[in-house]
Amino acid sequence: MAKAFKESFSSIEEMNAATPEQIGVALILHMQTQGNRFSPHNFQSEINHWHGNQGSPSWLMQRVSEGMQWASQMMLAVPDLSQTAGAWFILSRAGAQFDPDRDIERLSLERLMP
């Protein structure tokens, strides 16, 4: 079952140590549970709220960006061309059906093979 991003990392430090793949998976699962549209720019305040931060660590948006880049490379999230302002993403057809337990190994192999 999909879970929201905040349930994927127990602390902001855990998110800092996560790989782009782990963050990307968490973002896709978050999009599946919270609606299929997502703006990384609007996400910073949500993360701060969940973890009780009074200001973001300097690395926070870099980690979100790395996760979104992974999700985009895996064709799980694509730009939302209906939005003219800002960087919005929507789940691709594959992203809407994504289940990490079932799909992560296949995606890793596809990335390695030409």
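Residues numbered from 1 in each chain as written. Predicted model: local features only at pLDDT ≥ 70, side-chain atom pairs only at ≥ 80, totals over all residues. Heavy atoms only, no water.

## Some thoughts on the environment of Met15
Basically, it comes down to this: Secondary structure is summarised from DSSP: a helix means a run of H or I of at least four residues, a strand means a run of E of at least two, and numbering begins at the N terminus for each. Burial classification: accessible surface area is computed with a 1.4 Å probe over protein chains only, and a residue below 20% of its type maximum counts as buried, one above 50% as exposed, and the rest as partly exposed. Contacts are assigned to residue pairs that have any heavy atoms within 4.5 Å of one another.
Structurally, Met15 can be placed in helix 1 (residues 12-17). Relative accessible area serves as the criterion here: at 0%, Met15 is assigned to the buried category. Linking Met15 and Glu66, residues 51 residues apart in sequence, is a C-alpha distance of 12 Å. Setting aside residues no more than four positions away along its own chain, Met15 makes contact with Phe5, Phe9, Ile23, Ile47, Leu60, Arg63 and Val64.

## Looking at the pattern of salt bridges
Side-chain pairing between opposite charges can occur once the charged atoms of the two side chains come close. Put simply, the test is: Salt bridges are counted wherever a side-chain nitrogen of Lys or Arg sits within 4 Å of a carboxyl oxygen of Asp or Glu.
Summed over all chains, the structure comprises two salt bridges. Asp80 is paired through a salt bridge with Arg37; the nearest N and O atoms lie 2.5 Å apart. One end of the pair, Asp80, is in the loop between strand 2 (77-79) and strand 3 (89-91); the other, Arg37, is in strand 1 (residues 37-38), with 43 residues separating them in the sequence. Overall, Asp80 belongs to the buried group, its relative accessible area being 6%. Linking Asp103 and Arg102 is a salt bridge whose minimum nitrogen-to-oxygen distance equals 2.9 Å. Residue Asp103 is classed as buried on the basis of its relative accessible area, which comes to 7%.

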